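Close look at the chain arrangement
Now for the letters of each chain:
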Amino acid sequence: MLNNLVNRHDADRLLRKVRKLDLDPVLAKLRVRGGARVVQHWSQVDPSLTEWWAIPSVIKRWNLLMTGDADTSFPEYVAAKHFAPRTDLRGLSLGCGTGGNELLWAKTGAFSLLEGVDVAPERIDFATRAAAEEGLADVLRFRVTDVNRMTADGERFDVLLGLQSLHHFDHLDETLPRLSRLIEPGGAFVVDEFVGPTRFQWTDAQLDAANMLLAQLPEERRRLADGRIKHRVVRPSRLAMVLDDPSEAVDAAALLPGLRREFEVVEERPYGGTVLHIAFSGIAHNFRDGEPETVALLERCFAVEDAALPEVGHDFVAMVCRPRVTEAKDLPG
């Protein structure tokens, strides 16, 4: 309907809210607009255990596809291959959230300073406490700031990190060149990103593959956190996406072409997610126990995505890039 501006699933969700007399969150979203809604949405700091990133076997799959070794993380791989022997790098992580990814990068030992920036003060406070608890406060720092202000002030870093944050950026034709100005000559732009459909407008092919996978799962594995059973994956309406978070996947489909255009790609490692990301959404907590039966079931799920990837492509990619500056002196490695 109207290029999926709204759809019948919006009515279903609203009806459930009415039945539960739980309209306050909906009305709150209607009252808060634009950038303020983005900050409100990302002010929550509790990690979700219902999404695919909470499944240990999924993380091992990412490692395998990104680094070639299920036990080697992407930060460890990049630090060893592209940064070594440097241990004095200054880095900036965009949209750091609660700082979980930044902790992993700081632990590689490649950085003397790694700063994380975000729009949500609650998340910055959480990240600052986490860094102190891990004994990394001397390396990791976090602040609330506007990236545009940083470029205007002429700040530069050896390494810029875009870790599941760049797909929240719009106006990429202007934004990506601006981000390149944050990187020192010879520096690196390391990316780990969602590059799938804008506003999560899933393709018919990936919906078919995800629903085929879902249909093969036992009912107890499809139980949502509220007790309902997930029967199928649906394409969210554009209105629902904007109401939830105006920045979510706002121009995601243009991100990978933009990165390839604006930067020299040193290494590019796609790692799927086109099927698993949406099939496991809301039910990932049912796959976290590590029991042999669960691991075997997950391997069958991985095989379903692997078979579909030639047709549906990859929605997630890890990259190491450099600004297109011919006179730049490369980092060691």
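Residues numbered from 1 in each chain as written. Predicted model: local features only at pLDDT ≥ 70, side-chain atom pairs only at ≥ 80, totals over all residues. Heavy atoms only, no water.

This paragraph deals with a negative patch on the surface. Side chains of Glu219, Glu220, Asp289, Glu291 and Glu293 sit close together on the surface and give a patch of like negative charge. Tracing the backbone through its elements, the reader meets Glu219 in the loop between α10 (204-215) and α11 (238-244). (Patch = residues over 30% accessible without salt bridge, like charges linked within 9 Å, V, L, I, M, F, W, Y side chains within 5 Å. Areas by Shrake-Rupley, 256 points an atom, 1.4 Å probe, with all protein chains shown as cover. Salt bridge = Lys/Arg side-chain N within 4 Å of Asp/Glu carboxyl O. Lys, Arg positive; Asp, Glu negative; His and termini not counted. Charge placed at Lys NZ, Arg CZ, Asp CG, Glu CD. Helix = DSSP H or I, 4+ residues; strand = E, 2+ residues; numbered from the N terminus.)

Trans peptide bonds make up the majority, and among non-glycine residues the majority have a negative phi. Looking along the chain, the bond that leaves Ala84 and enters Pro85 is cis, with omega of 5°. Looking at where Pro85 falls in the secondary structure, it is placed in the loop between α5 (74-83) and β1 (89-94). For Arg199, which is not glycine, the phi torsion reads 55° and is therefore positive. Checked against the element boundaries, Arg199 lands in the loop between β5 (183-194) and α10. For Phe200, which is not glycine, the phi torsion reads 55° and is therefore positive. Position of Phe200 relative to the elements: it lies in the loop between β5 and α10.

With 85% of its residues at a pLDDT of 70 or more, the protein chain has an overall mean of 89. Counted against residues more than four places away or in other chains, residues 26-32, with its pLDDT under 50, gives eight contacts. (pLDDT = per-residue confidence, 0-100. Contact = heavy atoms within 4.5 Å.)

With that out of the way, let us pick up the pattern of salt bridges. Within the structure shown, the criterion is met by 15 salt bridges. A salt bridge links Lys60 to Asp71; the shortest N-O distance between them is 2.6 Å. With Lys60 in helix α4 (residues 56-67) and Asp71 in the loop between α4 and α5, this pair connects stretches of sequence that are 11 residues apart. The class of Lys60 is partly exposed, set by a relative accessible area of 40%. Ionic pairing is found between Arg235 and Asp204, a salt bridge with its closest N-O pair at 2.7 Å. (Buried < 20%, exposed > 50% of the residue type's maximum accessible area, 1.4 Å probe, protein only.)

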